[in-house]
Amino acid sequence: MKKRIISLVLVGVLTLSILGGCGKKEIPLEESTTESTDELIAEEGAQLKFRVGGGKLEYGESVAKAFEEEYGVPVEVEEAGMDIVNKMTLDGPSGNGADVFMASHDAYLTAKDAGLLLKLNDQIEESVRDDVNEIAVETVETDGDLYGVPVTIECYAMLYNKDLVQGEPAETMEQIIEEAKLFNNPAENKFWYLSVVTEAYNMFPFLSVDGFKPFGEDGKNNDDPGFKTPEFLKALERVRNLNELIPVKADDLKIETITQLEQNFIDGKTAYYFIGPWLIKTLKEQNTNFGVSTLPTMDGKQMKTMAGVQNAYVSSYSEYPNAAQLFAEYLVSEEGAEILYEKAYNVTARKNIENINGLKDDDALKVYTEAFDDAVPMPQVKRISYYWTTMQSVLSAVFDGKITPEEGAKKAQDDFEALVASE
């Protein structure tokens, strides 16, 4: 993402031609001592509004300031909650929406089908494809066109407590299971390995071992969550067996108790914990003696993490589509990535982090960039919420042994179909 420097020596008449679509401008020259260019230029008098997720206001304001210094375009920043897309659905057509807004990639199809997203200009698309991780790019692509700019990536890696784990971390789940037999002491709240077991996102490393991928190989089959596949049945069998590694009721291992699970790791009562990059800053602040490694294998097969991406989308209702696209592109530039790390402690979606000050030397977060390369993108389907809801009750019941894996697979399919029927 280089600074835009346009040097043109004009001889003759300069003609501006406004192209359709994203408002891209082309300047044809009769003669020039330099090569002609169709470089995207911010509209005269452009001013933008940028909406960020909760807790990201400082980041948003910092990157907006840096962009204005480089491009001369002021950017107003607003902090929004989890319902950014729903809010844009109302605010966009009325002219009160943001020009650029951040949202999780699993909201992409909802936003696109609502007509909220501008298709990126060819120049911006080329830049994104050159600089951004291919897995992240897939989350904003439809029929070969891009409708957003991936900015941050999230996935799971394996944390290990160096006060408990002597030497190198385990490379296999089999090793962790064997060591747990010697360490686990529920009465003292000591567990060699802990995880939230009631959420499909947290459990995906175990669900992935035998090849299960929700909503098809590419995650885009809205009608079939994959509950009737042999891979899903094997996945539930692994969830049931996990109770031997973590001899606790599922109710104590749900998302609402995640703070306690994390504290157990910090207190040195848990050796291994699979989690995303968001916990790293807290561990450093509390001087926890920890390390980060990619996920282990299980039965000789690599456990996979589910990839999440936060994308910047340009509103189709923006009055300044050129400036808005340049700003979205800037968010994933090297300069934008440095601000992202410094102010939000997030991992950029860029392929290469060697020039990103701070991140390039952060041994913990660098592991997440490695793990992301082998991750499975979170499904891009409108019924993804049905999947999360259905899996909660099924995972809990199977883990506790209240139903068999076979009964769990049938319940998952029946519950999913019931939700579809209620549409």
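Conventions and cut-offs
- Residues numbered from 1 in each chain as written.
- Predicted model: local features only at pLDDT ≥ 70, side-chain atom pairs only at ≥ 80, totals over all residues.
- Heavy atoms only, no water.
- UniProt positions renumbered as here; feature names shortened; annotations may be inferred.
- pLDDT = per-residue confidence, 0-100.
- Helix = DSSP H or I, 4+ residues; strand = E, 2+ residues; numbered from the N terminus.
- Contact = heavy atoms within 4.5 Å.
- Pairing = 2+ DSSP bridges.
- Axes fitted to C-alpha atoms, helices over the stretch in contact; angles between N-to-C directions.
- Phe/Tyr/Trp six-rings, centres within 6.5 Å; stacked < 30°, edge-to-face > 60°.
- Buried < 20%, exposed > 50% of the residue type's maximum accessible area, 1.4 Å probe, protein only.
- Lys NZ or Arg CZ within 6 Å of the ring centre and 35° of its normal.
- Domains from an automatic or database assignment.
- Buried area = accessible area lost by both parts, 1.4 Å probe.
- Salt bridge = Lys/Arg side-chain N within 4 Å of Asp/Glu carboxyl O.
- Polar contact = N/O pair within 3.5 Å; in protein donor to acceptor, adjacent residues only side chain to side chain.
- Core = buried A, V, L, I, M, F, W, Y, C linked by side-chain atoms within 4.5 Å.

- Identification of the chain as Maltose ABC transporter substrate-binding protein from Mediterraneibacter gnavus is taken from an unreviewed UniProt entry.
- For the chain, the Sequence similarities (unreviewed entry) comment in UniProt is given as "Belongs to the bacterial solute-binding protein 1 family."

**Describing the confidence of the model for the chain**
Atom-level detail of predicted coordinates should not be read off regions where pLDDT is low.
And step 1. The share of residues in the chain with pLDDT of 70 or more is 91%, and the mean pLDDT across the chain is 89.
And step 2. Per-element confidence in the chain ranges from a low mean pLDDT of 29 for strand β4 (residues 31-32) to a high of 98 for helix α11 (residues 321-331).
And step 3. Here residues 1-37 is modelled with pLDDT under 50, and outside its nearest four sequence neighbours on either side it reaches 66 contacts, counting other chains as well.

**What about the sheet that holds strand β13 (residues 270-275)?**
And step 1. Strand order in the open sheet formed by four strands is β12-β13-β11-β14, and the pairing between neighbours is mixed. Two strands close off the open sheet at either side, each with one partner strand: β12 (191-194) and β14 (290-293). Neighbour to neighbour, the strand axes of the sheet diverge by 15° on average, direction disregarded.
And step 2. The pairing of β12 with β13 spans three bridges and is classified as parallel. By the bridge assignment for β13, Phe191 is matched with Thr270.
And step 3. Here helix α9 (residues 258-266) sits on the sheet and contacts β11 (157-161), β12, β13 and β14; the angle it forms with β13, its principal contact strand, is near 135°.

**Remarks on the packing of aromatic side chains**
And step 1. Scanning all chains against the criterion turns up 24 aromatic pairs.
And step 2. Relative to Phe327, the ring of Phe50 has its centre 4.9 Å away and its plane inclined at 80°; by these criteria the two rings are edge-to-face. Linking Phe50 in strand β5 (residues 48-52) with Phe327 in helix α11, this pair joins segments that are 277 residues apart in sequence. Pair check on accessibility: Phe50 and Phe327 agree, each one buried.
And step 3. For the ring pair Phe206 and Phe274, a centre distance of 6.3 Å and an interplane angle of 20° mean the geometry is stacked. In this pair, Phe206 is assigned in helix α7 (residues 200-207) and Phe274 in strand β13, connecting sequence segments 68 residues apart.
And step 4. Under the relative-accessibility criterion, Phe274 is labelled buried at 2%.
And step 5. Taken together through their ring pairs, the aromatic side chains of Phe212, Phe215, Phe227, Phe232, Tyr386, Tyr387, Trp388 and Phe416 make up a single cluster.
And step 6. Taking NZ or CZ as reference, Lys112 lies 4.9 Å from the ring centre of Tyr147, over its face.

**Quick word on the domain arrangement of the chain**
And step 1. Here the chain is described as being made up of domain 1 (46-152 + 306-375) and domain 2 (155-305 + 378-419).
And step 2. Computed from C-alpha coordinates alone, the two centres of domain 1 and domain 2 are separated by 29 Å.
And step 3. Taken together, the contact pairs 25 residues of domain 1 with 28 residues of domain 2.
And step 4. When the two sides are added together, the surface that domain 1 and domain 2 hide from each other amounts to roughly 2,100 Å², 62% of it contributed by carbon and sulfur.
And step 5. On the domain 1 side of the interface with domain 2, the three residues burying the most area are Met306, Tyr345 and Tyr368, jointly 40% of the side's total.
And step 6. Counting across the interface, domain 1 meets domain 2 through three salt bridges.
And step 7. Among the salt bridges present, the one from Asp362 reaches Lys284, with a minimum N-O distance of 3.1 Å.
And step 8. Our enumeration of links across domain 1 and domain 2 arrives at 10 residue pairs in polar contact (both at pLDDT 80 or more).

**What to know about the side chain of Gln325**
And step 1. Here Gln325 is to be found in helix α11.
And step 2. On the accessibility criterion, Gln325 (0% relative accessible area) is buried.
And step 3. A polar side-chain atom of Gln325 sits 2.6 Å from the main-chain amide nitrogen of Asn121.

**Overview of the nonpolar core**
And step 1. Residues Phe50, Leu159, Leu207, Ile246, Tyr272 and Ile280 are the most contacted members of the largest nonpolar core, which totals 147 residues.
And step 2. Of all the elements, helix α14 (residues 384-400) adds the most residues to this core, at nine residues.
And step 3. Split by domain, this core shows at least three residues from each of two domains, domain 1 (46-152 + 306-375) and domain 2 (155-305 + 378-419).
And step 4. Once residues within four sequence positions are removed from consideration, Leu207 is found in contact with Ala200, Phe212, Ala235, Val239, Tyr387, Met391 and Leu395.

**What about the environment of Asn86?**
And step 1. When you line up the elements, Asn86 lands in helix α2 (residues 84-94).
And step 2. Residues Asn86 and Ala111 lie 25 residues apart in sequence; the distance between their C-alpha atoms is 8.3 Å.

**A look at the pattern of salt bridges**
Working definition: two side chains of opposite charge can pair if their charged atoms are close together.
And step 1. Evaluation of the coordinates by the stated rule reveals 26 salt bridges.
And step 2. The shortest N-O distance in the salt bridge between Glu178 and Lys181 comes to 3.0 Å. Residue Glu178 and its partner Lys181 are both found in helix α6 (residues 173-183); the two are separated by three residues, about one turn of the helix.
And step 3. Residue Glu178 is classed as partly exposed on the basis of its relative accessible area, which comes to 46%.
And step 4. The exposure class assigned to Lys181 is exposed, which follows from its relative accessible area of 59%.
And step 5. Arg238 is the salt-bridge partner of Asp210, the closest N and O atoms lying 2.7 Å from each other. With Asp210 in the loop between α7 and α8 (230-245) and Arg238 in helix α8, the pair connects residues that are 28 residues apart, well separated along the chain.

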